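Each chain, letter by letter, is given below.
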Amino acid sequence: MSWDSYCDNLIAGGAVKNAALLGIDGSVWAKDAAFGLTPEEAVAIAGGMGEASGAYFQANGCTIAGEKHFTLRFIGDEGLFYGKKGAAGVCIAKSTQCLVVGTYAEGQTPGGCNVAVEGMKDYLVGAGY
């Protein structure tokens, strides 16, 4: 299975609008074609997720596809970030080797997105990633 298919599976579940898999260095492993996440944003996300304190996200929020999301919660020891912009938002979950990024839009629930993204992260951890 290619990395792209992991993104496709997240979206197919209906709880995630856009999805990406990033290396912990910010390299883009895969993202869906409609996701406007830039390489610079990916590197910034990886840098923020690499901090234990969450200071980067608290000070800057998280910019995805040109949209700044404010920080709802960052749990450094669990590798989790939750952000929001209006009725939309983002969940990012860190495994040993990668970051799973999922966004939700109006009409989708934050909880559904969180379960999907965190579930994918758990699967990847189990597979050695």
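Residues numbered from 1 in each chain as written. Predicted model: local features only at pLDDT ≥ 70, side-chain atom pairs only at ≥ 80, totals over all residues. Heavy atoms only, no water.

Chemist: What is the right way to read the packing of aromatic side chains from this model?
Modeler: The description of an aromatic ring pair uses the distance of the two centres, along with the angle that the planes make with each other. Within the structure shown, the criterion is met by 8 aromatic pairs. Their ring planes at 40 degrees and their centres at 4.8 Å tell us that Trp 3 and Trp 29 sit as a pair that is tilted. Placement of the pair is Trp 3 in helix 1 (residues 3-12) and Trp 29 in strand 2 (residues 28-31), with a sequence separation of 26 residues. Here Trp 29 falls in the partly exposed class, since its relative accessible area comes to 27%. With a centroid separation of 5.0 Å and 85 degrees between ring planes, the pair formed by Trp 3 and Tyr 129 is classed as edge-to-face. With Trp 3 in helix 1 and Tyr 129 in the segment after helix 4 (110-126), this residue pair connects regions lying 126 residues apart in the sequence. Take Trp 3: its relative accessible area is 25%, and that puts it in the partly exposed class. The exposure class assigned to Tyr 129 is partly exposed, which follows from its relative accessible area of 32%. Through a chain of ring-to-ring contacts, three or more aromatic side chains come together here, namely Trp 3, Tyr 6, Trp 29, Tyr 123 and Tyr 129. (Phe/Tyr/Trp six-rings, centres within 6.5 Å; stacked < 30°, edge-to-face > 60°. Helix = DSSP H or I, 4+ residues; strand = E, 2+ residues; numbered from the N terminus. Buried < 20%, exposed > 50% of the residue type's maximum accessible area, 1.4 Å probe, protein only.)

Chemist: I would appreciate a short explanation of the sheet that holds strand 6 (residues 88-94) in the present structure.
Modeler: Strand pairing in a sheet relies on backbone hydrogen bonds. The paired strands run either parallel or antiparallel. Taking strand neighbours across the sheet as the criterion, the 7 strands line up as 2-1-7-6-5-4-3 in an open arrangement whose pairing is antiparallel. Of all strands in the sheet, those with a lone pairing partner are strand 2 and strand 3 (62-64), marking the two edges. Looking at each pair of strands side by side, their axes are set apart by 25 degrees on average, direction ignored. For strand 4 (residues 67-75) and strand 5 (residues 80-85), the ladder comprises 5 bridges, and the chain directions are antiparallel. Paired with Phe 70 across the two strands is Lys 84, which belongs to strand 5. Across the face of the sheet, helix 2 (residues 39-49) comes into contact with strand 1 (18-23), strand 2, strand 3, strand 4, strand 5, strand 6 and strand 7 (98-104) while running at roughly 150 degrees to strand 3. (Pairing = 2+ DSSP bridges. Axes fitted to C-alpha atoms, helices over the stretch in contact; angles between N-to-C directions. Contact = heavy atoms within 4.5 Å.)

Chemist: Sorry, what's going on with the pattern of salt bridges here?
Modeler: Where charged atoms of side chains with opposite charge meet at close range, the side chains can pair. Scanning the model with the defined rule gives 2 salt bridges in all. We note a salt bridge from Glu 67 to Lys 85, for which the minimum N-O separation is 3.6 Å. Pair noted here: Glu 67 is in strand 4 and Lys 85 is in strand 5, with a separation of 18 residues, a long-range link. A relative accessible area of 38% places Glu 67 in the partly exposed class. (Salt bridge = Lys/Arg side-chain N within 4 Å of Asp/Glu carboxyl O.)

Chemist: I would appreciate a short explanation of unusual backbone geometry in the present structure.
Modeler: Leave glycine aside and you will find that most residues have negative phi; peptide bonds, for their part, are mostly trans. For Ala 65, which is not glycine, the phi dihedral falls at a positive 55 degrees. With respect to the helices and strands, Ala 65 occurs in the loop between strand 3 and strand 4.

Chemist: Hey, could you run me through the nonpolar core in this one?
Modeler: The tendency in soluble globular proteins is for nonpolar side chains to be buried as a group. Ranked by size, the top nonpolar core spans 19 residues in total, and within it Val 100, Val 117 and Leu 124 carry the most contacts. Listed by contribution, the elements that provide at least two residues to this core are helix 1, strand 1, strand 5, strand 6, strand 7 and helix 4. Once residues lying within four places of it in the same chain are set aside, the contact partners of Val 100 are Leu 10, Ala 20, Leu 21, Cys 91, Ile 92, Ala 93, Val 117, Met 120, Lys 121 and Leu 124. Counting residues in hydrophobic clusters, the runner-up holds 17 residues, among them Leu 22, Phe 35, Cys 62 and Val 101. (Core = buried A, V, L, I, M, F, W, Y, C linked by side-chain atoms within 4.5 Å.)

Chemist: What is the right way to read the pairing of strand 5 from this model?
Modeler: The side chains of a regular strand alternate between both faces of the sheet. Remark: 4 residues form the turn of the hairpin made by strand 4 and strand 5, two consecutive strands paired antiparallel; Gly 79 in that turn has positive phi of roughly 65 degrees. Bridge count between strand 5 and strand 6: 6 bridges; the pairing is antiparallel. When the sheet's bridge partners are listed, Lys 84 is paired in strand 6 with Gly 89.

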